[in-house]
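# Summary of structural features
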Amino acid sequence: MKSKAAALRCTVLKSAIVMGLCMWAGMAASQTTTRPWNDNTLSPDARAKLLLAQLTQDEKFQLIRSYYAGPDRPATAPFPKGAIASAGYVPPIERLGIPALEESDAGLGVASSDRMRPGDHATPLPAGPVTAASWDPQVAYRGGAMIGSEAHSKGFNVLLAGGINLTREPRNGRNFEYAGEDPLLAATIVGQAIRGIQDQHVISTIKHYALNDQETGRNTISAQIGEQAMRESDLLAFELAIEIGKPGSVMCSYNKINGDWACENDYLMNQVLKRDWKYPGFVMSDWGGVHSAAKSVNAGLDQESAGEVFDKEVYFDAPLRAALAKGEVKQARLDDMVQRILRSMFAAGLFQYPAGKAPIDSQANLKVARETLEDGAVLLRNENALLPLDVNKLQSIAVIGAHADKGVLAGGGSSLVTAMGGNAVPGIAPTTWPGPVMYHPYAPLKALRDAAPKASVQYAEGNDVAAAAALAAKSQVAVVFVQKWQAESIDTADLSLPDNQDALVEAVAKANPHTIVVLENSGPVAMPWLERVGAVLETWYPGGDGGKAIANLLSGKVNPSGRLPVSWPGDLSQLPRRDIPGVTGGTPPETVDYAIEGANVGYRWYQAKGIKPLFPFGFGLSYTQFKHGDLKVDAKGTQLQATVDVTNTGSRAGADVAQVYVHVPGAKSARLAGYAKVFLKPGEHRTLTIPLEPRLLADFDAGKHEWVIRGGQYSVSEGPSSADLGAPVNVQLPTARP
Ligand code: BGC
């Protein structure tokens, strides 16, 4: 009927433009008549149901597996025709207008651009902890939207982006892909990044579900942890992020959890994700994470990723067909798998807004990357206001180390992005997986020269410690860049900086009391020289236009406002596990005991044990000062709301974070339950109203499988870091469900 009405109006209206529009409207209307699932006034579920009813059994099987479309493939697995070179590909079903799924890694930008597609490049965001350290969900959203739009313009419609494994292990090789140690902070950041991606009509994949918190033995090890502890920590991060971001897919991880593979874990996928959280999207496996057909499918896995290359066999083809024939898997479950995949495709707009070649505004995207670092870099130390540098007066600056003359370091593995201009320092081992070691071509040296035009800004490599110290001695200030490359699949055995860099810093600091250290790293590193340097700026992996962001931060053009999303251990003895067995080789153990700290990840562990870390969670300095007023807490049922007044009492504009922590009755450690970042001009103040997440007031009752707020006295405190809190406010809460 619709198409008829459209045609009638078109015969009346004669203008060429209107005719064109009408033809389009007519086509669209006739499309929804012949393909009713294209009617976008229907819900994604209803549309998926209509489409599912049209699929043959073979077409259903086509949708529940992807193919590897990357390099280094065995001869038995030819490149999938029609795919963009990337991590995964599901061919289209053209007779029904179902688009292909083109999947790319993209946690920090459209990944492996050059490794996958020689000559291609993308905009690299800084490392995940930088975005988390911004404590600004809008920064996360913007970064996600930037990546999503680049991906869409390159033809990708599924991103393997949304890493949220908590930093239980500061030596984890993938911490640079994640968002720190706290469930609320990580979830609000990653959830918003996912929203940003999906608003560009690209499905985002939160990962790695779950407790894949170290790389050593990642394909074999079992994370041992009780139900209550995991629900209150790693799973709470997923729960909250999924609520905020509504990712179309969830990637189950490589490891086992309490003895069962993550990708065949009924508790994680069926009971928690799909039953308790009512998750409507699909679960895809990690690449090589599937070990069975019937067991995985019945436990809730919906799609096998690149099994022809990474799994022992493609379980979601012949073995699954056999399991169906034997009645081990029900047809209804296969239909549910397909329904979930189609539903996510409709929900993110994959049919309506097909991804394809489109121009990319690289300059605008680079600005997003630069501003992310400007919002997230953490000033850890600043003795005698050494920073900001007075760039209008300085005559000489020594820049030392970490190839700061050429670029900024990136982390290795599947998340690696090749920026425009390629690798600024090629050839450093490992040059193959999980390498190459990559430097993005955004040199701090040039940016510092631009920032301080009157100064002579000289560079020393740092390999020659004496030469570096000599340059420092004759300069007014010395900026030493130190680095630690980390990568997917390998953890680091300890916190030390490699390649004699501690000696370099010591020598430079001895030669020049005005020494500033800039860190490029994945997770906390030991700083034996800390007391002897004037300032330390943490940039993790700085990403696109990182050199300029660093220059802007050091020169005070931008006032640092990042706050640590992780605790910074003093040494390994402070950690729940002193060693990572197997990290340097040999067979890793079968299990890792996460029950040691349980839900007390990061700062909660330090507080519960009475240990003082080197830097506490939430810590970060500014070039201005802030005063936090008295905390007020209002309770409406179990919904608590904190109010605090923050004033910029210094002479520079800057941003501060009000962090609200709750002590539940009887707990030895606090929990971050709400936060807000505020930008204030000198003298300005703002009253911040911060709602507290009720699940952070609650315990997870494993017996009843539900959250329970235990009646009693809750103490709420606020401050600029987890270790600097004002007077607590006590609130009496009744026993309740949050
Ligand atoms: C990683 C995933 C990644 C996948 C595809 C795996 O090795 O664990 O994070 O998305 O490869 O590249």
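Numbers given to residues run from 1 along each chain, matching the order in which its sequence is written. Where totals are concerned, whole chains, interfaces and linings use all residues; where local detail is concerned, this predicted model gives features only for residues with pLDDT of at least 70, and gives and counts side-chain atom pairs only at 80 or more. Note that the side-chain values use all heavy atoms of the structure and ignore hydrogens as well as water.

What follows concerns the pattern of salt bridges. Salt bridges are counted wherever a side-chain nitrogen of Lys or Arg sits within 4 Å of a carboxyl oxygen of Asp or Glu. Scanning the model with the defined rule gives 49 salt bridges in all. A salt bridge links Asp545 to Arg370; its shortest N-O distance comes to 3.8 Å. With a gap of 175 residues between them, Asp545 in the loop between strand E18 (535–538) and helix H20 (546–555) and Arg370 in helix H16 (residues 362–376) connect regions that are remote in the sequence. Taking the relative accessible area as the measure of exposure, Arg370 reaches 15% and is therefore buried. The shortest N-O distance in the salt bridge between Lys406 and Asp405 comes to 3.6 Å. Through salt bridges with shared partners, a single network forms among Arg168, Asp213, Asp234, Arg577 and Glu597. Numbering of helices and strands runs from the N terminus, with a helix taken as a DSSP run of H or I at least four residues long and a strand as a DSSP run of E at least two residues long. Classification of residues uses two cut-offs on accessible area relative to the type maximum, computed with a 1.4 Å probe and protein chains only: under 20% is buried, over 50% is exposed, and between them is partly exposed.

DSSP bridges decide pairing: two strands pair if at least two such bridges lie between them. The sheet built from four strands is open, its strands ordered E24-E23-E28-E29 with antiparallel pairing. Pairing within the sheet leaves two strands with one partner each, and these edge strands are strand E24 (671–680) and strand E29 (729–733). With strand direction ignored, the average angle separating the axes of adjacent strands in the sheet is 20 degrees. Pairing of strand E28 (residues 712–719) with E29, which is carried by five bridges, proceeds in the antiparallel orientation. If you follow Gly712 over to E29, its bridge partner there is Leu733. To obtain an axis, a line is fitted to C-alpha atoms, over the contacting stretch when the element is a helix, and the angle between two such axes runs from 0 to 180 degrees between their N-to-C directions.

Here E24 lies mainly inside the structure; eight of its ten residues are buried. Pairing analysis gives nine bridges linking strand E23 (residues 654–663) to E24, with the strands arranged antiparallel. What sits directly across from Tyr661, in E24, is Leu672.

You can read pLDDT as the predictor saying how much it trusts each residue, on a scale of 0 to 100. Summary statistics for the chain give a mean pLDDT of 95 and a share of 96% for residues scoring 70 or more. Note on contacts: a residue pair qualifies if any of its non-hydrogen atoms lie within 4.5 Å across the two residues. For the stretch residues 1–22, pLDDT sits under 50, and the model shows eleven contacts to residues farther than four places along the chain or on other chains.

Let us now look at the site of the ligand. A single heavy atom is enough: if one lies within 4 Å of a molecule or strand, its residue is considered near that molecule or strand. Lining the immediate surroundings of the ligand are 13 residues, of which Asp105, Arg174, His208, Tyr254 and Asp286 lie closest. In protein, a polar contact requires one atom able to donate a hydrogen and another able to accept it; more generally it is a pair of N or O atoms within 3.5 Å, and residues adjacent in sequence count only if both atoms are side-chain atoms. In the model, an oxygen atom of the ligand is placed 2.7 Å from a nitrogen or oxygen of the His208 side chain. Contacts to the ligand include Glu488, whose side-chain N or O atom sits 2.9 Å from an oxygen atom. Every accessible area reported is derived by Shrake-Rupley at a probe size of 1.4 Å, with residue values counting cover from the shown protein chains alone. Contact with the protein chains removes 92% of the 310 Å² of surface that the ligand exposes when unbound. Throughout this entry, Asp, Glu, Lys and Arg are counted as charged residues, while Ala, Val, Leu, Ile, Met, Phe, Trp, Tyr, Cys and Pro are counted as nonpolar. The remaining residues, Gly among them, count as polar. For the shell around the ligand, the class distribution of residues is five nonpolar, two polar and six charged.

Structurally, Ser555 is set in helix H20. On a C-alpha basis, the gap between Ser555 and Asn165 in space is 34 Å, while along the polypeptide they are 390 residues apart. The contacts of Ser555, once residues within four sequence positions are left out, are Pro388, Leu389 and Val391. Engagement of the side chain of Ser555 in a polar contact is seen with the backbone oxygen of Asn552, the distance being 3.3 Å.

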